[in-house]
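As a plain string of letters, each chain reads:
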Amino acid sequence: MALLQRVAERGRRVVRFVLDGRPVEALEGDTILTAMLTNGDRLRRSEFADTPRAGFCLMGACQDCWVRTEDGQRLRACGSFIEDGMRLVSEGEWQS
Ligand code: FES
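So, a few notes on the structure that sits alongside this text. (Residues numbered from 1 in each chain as written. Predicted model: local features only at pLDDT ≥ 70, side-chain atom pairs only at ≥ 80, totals over all residues. Heavy atoms only, no water.)

So, on to the pattern of salt bridges. The full count for this structure, using the stated rule, is 12 salt bridges. Here Glu25 and Arg16 are joined by a salt bridge, their closest N and O atoms 3.4 Å apart. Residue Glu25 is classed as partly exposed on the basis of its relative accessible area of 43%. Each of Arg6, Glu9, Arg12 and Asp30 takes part in one network of salt bridges that share partners. (Salt bridge = Lys/Arg side-chain N within 4 Å of Asp/Glu carboxyl O. Buried < 20%, exposed > 50% of the residue type's maximum accessible area, 1.4 Å probe, protein only.)

The structure is reproduced here in structure tokens:
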């Protein structure tokens, strides 16, 4: 189930990416945070308490929105744009 629901600006180009091995869609100009949370209910699990995380400040200050790609690259979800072909994961062990 998606944590966020899109209510406006639906006319932008579709961007296709993979989330936890499943093909999904976002819109051009979406941050990774928006793209992931309109397709799921978390960005990742906390490395401390195994609880779901979905960002906090949404403006690049809190560091709560780190996510990773399938190949281990770390990205700050609120400050990075989604791109065609990205392969993101919200499951699994967090590697710092
Ligand atoms: S949500 Fe706070 S840095 Fe991204």
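Quick look at the sheet that holds strand β2 (residues 22-27) now. With mixed pairing, 5 strands are arranged side by side in an open sheet as β2-β1-β7-β5-β6. Each having just a single partner strand, β2 and β6 (74-76) make up the two edges of the open sheet. Strand-to-strand twist across the sheet, computed as the mean angle between neighbouring axes with direction ignored, equals 45°. Strand direction decides the pairing type here: strand β5 (residues 66-69) and strand β7 (residues 87-89), joined by 2 bridges, are antiparallel. Within β7, the position partnered with Arg68 by the bridge is Val89. (Pairing = 2+ DSSP bridges. Helix = DSSP H or I, 4+ residues; strand = E, 2+ residues; numbered from the N terminus. Axes fitted to C-alpha atoms, helices over the stretch in contact; angles between N-to-C directions.)

This part takes up the side chain of Asn39. Along the chain, Asn39 falls in the loop between α1 (32-37) and β3 (44-45). On the basis of relative accessible area, Asn39 is assigned to the buried category, the value being 17%. There is a polar contact of 2.8 Å between the side chain of Asn39 and the backbone oxygen of Ala35. Beyond its immediate chain neighbours, meaning those up to four positions away, Asn39 contacts Ala2, Phe17, Leu19, Arg22, Val24 and Glu25. (Polar contact = N/O pair within 3.5 Å; in protein donor to acceptor, adjacent residues only side chain to side chain. Contact = heavy atoms within 4.5 Å.)

It is worth spelling out the nonpolar core at this point. The biggest cluster of nonpolar side chains holds 19 residues, and the ones touching the most others in it are Phe17, Ile32, Leu43, Ile82 and Leu88. Put simply, the parts of the chain that give this core at least two residues each are β1 (14-19), β2 and α1. Ranked by residues supplied to this core, first place goes to α1 with 5 residues. Here Ile32 is in contact with Val67, Leu75, Ala77, Ser80, Phe81, Ile82, Met86 and Leu88, once residues within four sequence places are set aside. (Core = buried A, V, L, I, M, F, W, Y, C linked by side-chain atoms within 4.5 Å.)

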